[in-house]
Each structure stands twice: as C-alpha cells, then as structure tokens.
Number of protein chains: 2
Amino acid sequence: MTIRTLAVVGTGLIGTSVALAASRHRVTVYLSDRDETALRAAAARGAGRPEPPPHPVDLAVLAVPPSQIAPVLAQEQARGLARSYTDVASVKARPEREILATAPDPSSYVGGHPMAGRERSGPLAARAELFRDRPWVLTPTRFTTKLAFDRAVGLIALCGGVPRVMRARAHDDAVALTSHAPHLLASLMAARLRDGPVPAARLAGQGLRDVTRIARGDSRLWGDIVESNAGAVADVLTRLQEELAGVVAALYDLAAPDGDGPGPETRGKSRHTLVDLLERGIAGVGELSEDRADGGER
Amino acid sequence: MTIRTLAVVGTGLIGTSVALAASRHRVTVYLSDRDETALRAAAARGAGRPEPPPHPVDLAVLAVPPSQIAPVLAQEQARGLARSYTDVASVKARPEREILATAPDPSSYVGGHPMAGRERSGPLAARAELFRDRPWVLTPTRFTTKLAFDRAVGLIALCGGVPRVMRARAHDDAVALTSHAPHLLASLMAARLRDGPVPAARLAGQGLRDVTRIARGDSRLWGDIVESNAGAVADVLTRLQEELAGVVAALYDLAAPDGDGPGPETRGKSRHTLVDLLERGIAGVGELSEDRADGGER
C-alpha cells in the first residue's frame, strides 16, 4: 500500500527515525510535538515539515508514551489528522483496551511496535536505518480495517522492518519477559551499587556494566511503559522472586560454617539449587543466541 | 622483586594468561593441571614447561577454584613447590580462613585476585595482555611476609596490572556486589526465558542479551565461587529481594483496572516507587561510568 503523506506525532528517537526513513522514500512527512525544541530539531534533521498537514494524510504514526496513545488518538481522529493510524509504543494491550472504549473510530487504527532502539534518546539520536531487518509487531483488533493494516505494513516496508502479527496480550507478555522485567532488574542491581562503599564500583568490570546498562533509560518513559504493562511485568518478576527466595535460602545454608549449620544433606541440596540455576541460565542464554539474527529492541 | 622461576597450578584462562605474561618476560614457568588436555594446550601455546620444577620456584600461582585454594596450598607447601605462594581466586576470605587453619606455612602466602576475565574459558582463550592496566587485588594477612607480598607485586608488574591492597572481607563484600550477585541475577533472568513461549525470545533485543550475557559462565566454577562467598552474596540479594517485593506490590496495584483497585493515593505511591527505582538505577549506572577507566572483570 503506497503511502504519499505521513504525519508523525511525537519527534523523539522512534518518531523521528520513522520520519527520516519515510522522507528518504519521498513521502511528504508532517511533524508535531508538544516540545517545540524536539520538533525543531527533527525538522532541522530533514525528518519532515514542522506543521499540520493541509489535508488528512494517508497514515499517522503516534510516537508517544503508552499512556498517551488513546487520548492522542481520540484527539487526532476528532481533528481528522489522517485516514489511518498506528503507533510505536512498547505496550499494546492497555492502549488497545482504552482505544476500543474511547476512540471515535477504532477501525482505522492498528497497534504497532518496532523492536528497535538505541541507548540515546531524542530526535538527534534518530537514524533512518534504525528499523532495518528488525521485527515490527502489528496487533490488529477484530475491528481493524484491511486498509489501516495494509498502510501500517506499507510503513514498515518503507522503514525496512519485518512485520510480525501478534495479539496485543501475547506481545505484552513477551516484552514483559524480554524487555520490561530485565529493565527493572537492571535498575534494582544498579540501585544497589549506591549501598556499597565507594571502592566497590571501582572493582566493577564489563559484566556489571552489561547487566546494568539498560537501566540508563529515561525514567519517565520507562515508568509509563512498566505501569502500562504492570500485570505482565509483575507476573514475570513474581516467578523470578520465588526462585530468588530459594537461592537466598540456599546461600545462607552454605554460608554457615561447617558443623555449625545444616547437615551435609541440606548443603548438598543447596549446592544443587545454585548449580541448577546456573545451568538453566546457560540454557536460557543459549536460546537467545539461536535467534540472534532477529536483532531487536535494546 | 625479580621473579626468575614461576609455577602455575591450574592452566585455565587465568593461569595460562599469567604464565604467558611471565614467559614473555623470560621467567621460567612450570605448569601443572589435573586435566592433561588443558596442560598440554597451555604448553603448546608457549605458556611454560608442562613439568614439575627441579627446585623450589620463586613464586607459585594457584589458579584453581576458591574451594581448592587451601587444600592445594597445603599439598604444594608440603611438597616444597615454591618459596612464596599466591592465588587468583575471585573469593578471598574463606580460602584465607582455611589457610590460616590448615596450611603448613601461612606466612609465605598472599591472596590475590586479578580483576580481569573473558567470556571464553580455558587455556586456548588465554592472553598475555589480559591483566594490562586492570586492578589486581592483594589481601595480605598479618602473617604474610614482606618477601611473599613483594613477589606477588612483582608478578603483577610482569602482567601489567595495578596492585590494590584490601582486606579479604572487604574484597569479598565488593565482588559480591559487583560480580557474584549480578551473575546470579543474570542467571535468574536467563532461566526465566525458558518459561515463556518460544516467540518471546525471538523478540529479544540487545538489552536482554546484555543483561544475561554473564550467565554463560562455567556453572561448576561459578557454583564454587558463589558458595565460597555465600554470606556476602546472600546479603546483597536479600536487600535486592526486599526492594523487588515493593516493586512487585506496586506493579500489582497499578495493574488493577481503574475504579476496581486501590485509590488514587495508593496508585500515586506505587508510581513513585517505580520512578524512584528507575532514577536510583540511572544514578547507580552513572557511578560505574565515572570509574570506567578502571576496566575490570567481566
């Protein structure tokens, strides 16, 4: 489905990257952002025109935090910004539920989530190639029209992404596991570094830097993301919490001096608990490697 | 302190790397390992002679897992392998306690831990440059002689490392925070990936790969490490567990639909819990960056 005109609402990293990719394909792109500085920066990079379109565009991309998708869609549909709508938020079920309840026309909307990102945020970090060969999830509802769906697929093609259709709930469960829970774990570990004496951080190596790197992300955006997917993230962390409790108990068993703690049988079980976790961890990392070619979101 | 002859007991990644660095400085290096294949591989790489020394060497480096340091030291001192001894294990307090209780001569030993590593293990992954400009902790006891200490410092100089003297307990508390607890967290997260449906891993991006990468490490060696430092690791994970419980509770509050869950005040508190964690995480990562020049252990 050819797209001639595109509106991008929100000129952060993802919105500006989409706009840059579309502009390279001679699509006329109209940009908007509540933040005038971000808007001017995106326009200066050649991402599009920092003004409202004179007529409804073929497709509007809502590149705003998850909690803003439904209100912004209602507002833009009321204004008649576009003929079809999609978004790029990393949570899909709650916005979908809100849209079905409040949007003037849910049928012209299809949820989307390109699995791509960078450590840096904002329009100056945007790149037209950000989505190349990356999965880009679409979550049509039973109301979504074929036209709206095809236009979103057309946008993914312009960006060089790989469309993947999923149910919103399945998407959110998956990213709770692969993105949102890992982010909070990284934050929990990084926050602990401030407990320790200063020299602790001076002994830190690449492993710790890797484990905690994603915790750098913008706290307001990530707060919005994890809140919007709170139930699924809580479920992942609850399972992790249960296993963590067993690991801590095993460690305390093994920390007791010989003859002063649990007997050899309990020690043996505790040792098994640790090695079993380590081995399942190795297997888990192995599953990631097999899919390495998929790339994906940071 | 000039070292002319060196014995390396254990020709894994670290032992072989030490041997390669010393061999480049024309030190005569004698290698041993219970694993004949590892021993031959290290010798084939030019790390040293795969045979016992004809006379006691200046310094022996015990490059065996933490639980093996004290028994191997006792055995080698009884044989008269060297005039001084050090080790490279990533846990220091428990081996020190065991050595003070059982070694024929605790005064000729000083604990050591080079903060360097690689993802790969074994003699084929060894590199003479592994320790260059990295911190190398030494943990002398009140019994350690000046001669034993100076010889260990001489070895660090041969390897291009930066000596840093610490108490064994302070070292272990620091690495529990910066290395051992992060490793178990990475394992816990990676193990969760096997819970999910297969497509979850296919949506994984660089962030998840970074968070879980260290979980690849050898499960027997890491089991030995975390068991040897069990108390300190359990203390770090207990603090993390307490905060995790608060985060999970906040997420469940926020997951409840409007009007069906807690009131706005509780929601506000839960939101604050999340954003506060995210912000402290950003600050924690920032402390690491300030010390980036230190490099360190994976």
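Since we're looking at a predicted model, the values are computed, not measured.

Asker: Honestly, the sheet that holds strand β6 (residues 135-139) of chain A in this entry has me stumped. Any pointers?
Answerer: The pairing of strands in a sheet comes from backbone hydrogen bonds and takes either a parallel or an antiparallel form. Residue and element names in this part refer to chain A. Pairing within the open sheet is mixed, and its seven strands lie in the order β2-β1-β3-β4-β5-β6-β7. If you trace the sheet from one side to the other, it starts and ends with β2 (28-32) and β7 (162-165), each paired once. Looking at each pair of strands side by side, their axes are set apart by 25 degrees on average, direction ignored. Examined bridge by bridge, strand β3 (residues 57-62) and strand β4 (residues 82-87) share five bridges and lie parallel to one another. Paired with L62 across the bridge in β4 is D87.

Asker: What should I look at first to understand the domain arrangement of chain A in this one?
Answerer: Put simply, an interface is often sized by how much accessible area is lost when its parts join up. All names here are of chain A. Annotation of chain A at the domain level lists domain 1 (5-166) and domain 2 (171-294). Spacing between the C-alpha centres of domain 1 and domain 2 amounts to 34 Å. The partner domain 2 presents twelve residues to the 15 residues of domain 1 that form the contact. Secondary structure elements with two or more residues in the side of domain 1 that touches domain 2: α4 (93-102) and β6. Among the elements that make up the side of domain 1 that touches domain 2, the one with the highest residue count is β6 (three residues). Looking at the side of domain 1 that touches domain 2, its residues break down into seven nonpolar, five polar and three charged.

Asker: Can you walk me through the pairing of strand β4 (residues 82-87) of chain B in this structure?
Answerer: Side-chain direction in a regular strand flips from residue to residue, so the side chains alternate between the two faces of the sheet. All names here are of chain B. Within β4, five of the six residues are buried, which leaves the element mostly enclosed by the surrounding structure. Of the crossover connections in this fold, the one passing from strand β3 (residues 57-62) over helix α3 (residues 69-79) to the parallel β4 is right-handed. Pairing of β4 with strand β5 (residues 109-114) involves two bridges; the strand directions are parallel. When the sheet's bridge partners are listed, Y85 is paired in β5 with Y109. Crossover β4 to β5 through helix α4 (residues 93-102) is right-handed.

Asker: What exactly am I supposed to notice about helix α5 (residues 146-159) of chain B here?
Answerer: Within an α-helix, residues lying three or four positions from one another point in the same direction, as the helix has 3.6 residues per turn. Residues and elements named next belong to chain B. If you check α5, its first and last C-alpha atoms are 20 Å apart, about what 14 residues at 1.5 Å a residue would give, namely 20 Å. All of the buried residues along α5 are A148, R151, A152, G154, L155, I156, L158 and C159. Looking at the packing, one finds that the buried side of α5 touches α1 (13-24), β3, β4, β5, β6 (135-139) and β7 (162-165). G160 occupies a position one or two residues after α5 and carries a positive phi of about 75 degrees.

Asker: What's the story with the environment of V88(A) in this structure? I'm lost.
Answerer: Residues and elements named next belong to chain A. Following the sequence through the fold, V88 ends up in the loop between β4 and α4. Separated by 68 residues in sequence, V88 and L20 place their C-alpha atoms 15 Å apart. Beyond its immediate sequence surroundings of up to four residues, V88 is in contact with I14, V18, V61, A63, G112, H113 and P114.

Asker: It is not clear to me how the sheet that holds β3(B) should be interpreted in this structure. Could you clarify?
Answerer: Residue and element names in this part refer to chain B. Ordered by their spatial adjacency, seven strands build an open sheet running β2-β1-β3-β4-β5-β6-β7, and the pairing between neighbours is mixed. Of all strands in the sheet, those with a lone pairing partner are β2 (28-32) and β7, marking the two edges. Each strand of the sheet is rotated relative to its neighbour by a mean of 25 degrees, with strand direction disregarded.

Asker: How should I be thinking about the interface of chain A and chain B in this particular structure?
Answerer: Counting residues at the interface gives 83 residues for chain A, matched by 83 residues for chain B. Contributions of two or more residues to the side of chain A that touches chain B are made by α6 (168-192), α7 (198-202), α8 (206-212), α9 (219-228), α10 (230-255) and α11 (264-290) of chain A. In terms of residue count, the dominant contributor to the side of chain A that touches chain B is α10(A) (19 residues). Partitioning the side of chain A that touches chain B into residue classes produces 47 nonpolar, 17 polar and 19 charged.

Asker: I'm lost on the relation of the copies chain A and chain B in this one. Help?
Answerer: Note that the two copies of the chain are related through a rotation about an axis and a translation along the same axis. Relative to chain B, chain A is turned by 180 degrees and slid 0.0 Å along the rotation axis, the superposed coordinates differing by an RMSD of 0.0 Å. Overall, the copies show the geometry of a two-fold rotation axis. Closest approach to the rotation axis within chain A is made by the C-alpha atom of V211(A), at a distance of 2.0 Å. An overlap of 100% is found between the interface residues of chain A and their copies at the interface of chain B, pointing to a shared contact surface.

Asker: How should the nonpolar core be read in this particular structure?
Answerer: If you look at soluble globular proteins, the nonpolar side chains tend to sit buried side by side. The biggest cluster of nonpolar side chains holds 202 residues, and the ones touching the most others in it are V61(A), V233(A), V61(B) and V233(B). In this structure V233(B) touches L251(A), A176(B), H180(B), A181(B), L184(B) and V226(B), once residues within four positions along its chain are discounted.

Definitions and cut-offs
Residues numbered from 1 in each chain as written. Chains lettered and ligands numbered in written order. Predicted model: local features only at pLDDT ≥ 70, side-chain atom pairs only at ≥ 80, totals over all residues. Pairing = 2+ DSSP bridges. Helix = DSSP H or I, 4+ residues; strand = E, 2+ residues; numbered from the N terminus. Axes fitted to C-alpha atoms, helices over the stretch in contact; angles between N-to-C directions. Domains from an automatic or database assignment. Contact = placed C-beta atoms within 7 Å. Nonpolar A, V, L, I, M, F, W, Y, C, P; charged D, E, K, R; others polar. Buried ≥ 20, exposed ≤ 12 C-beta atoms within 10 Å, placed from the backbone. Right-handed = clockwise from strand over helix to strand, strands pointing away. Expected span 1.5 Å × (residues − 1). Least-squares fit on C-alpha atoms with pLDDT ≥ 70 in both. Core = buried A, V, L, I, M, F, W, Y, C linked by C-beta atoms within 7 Å.

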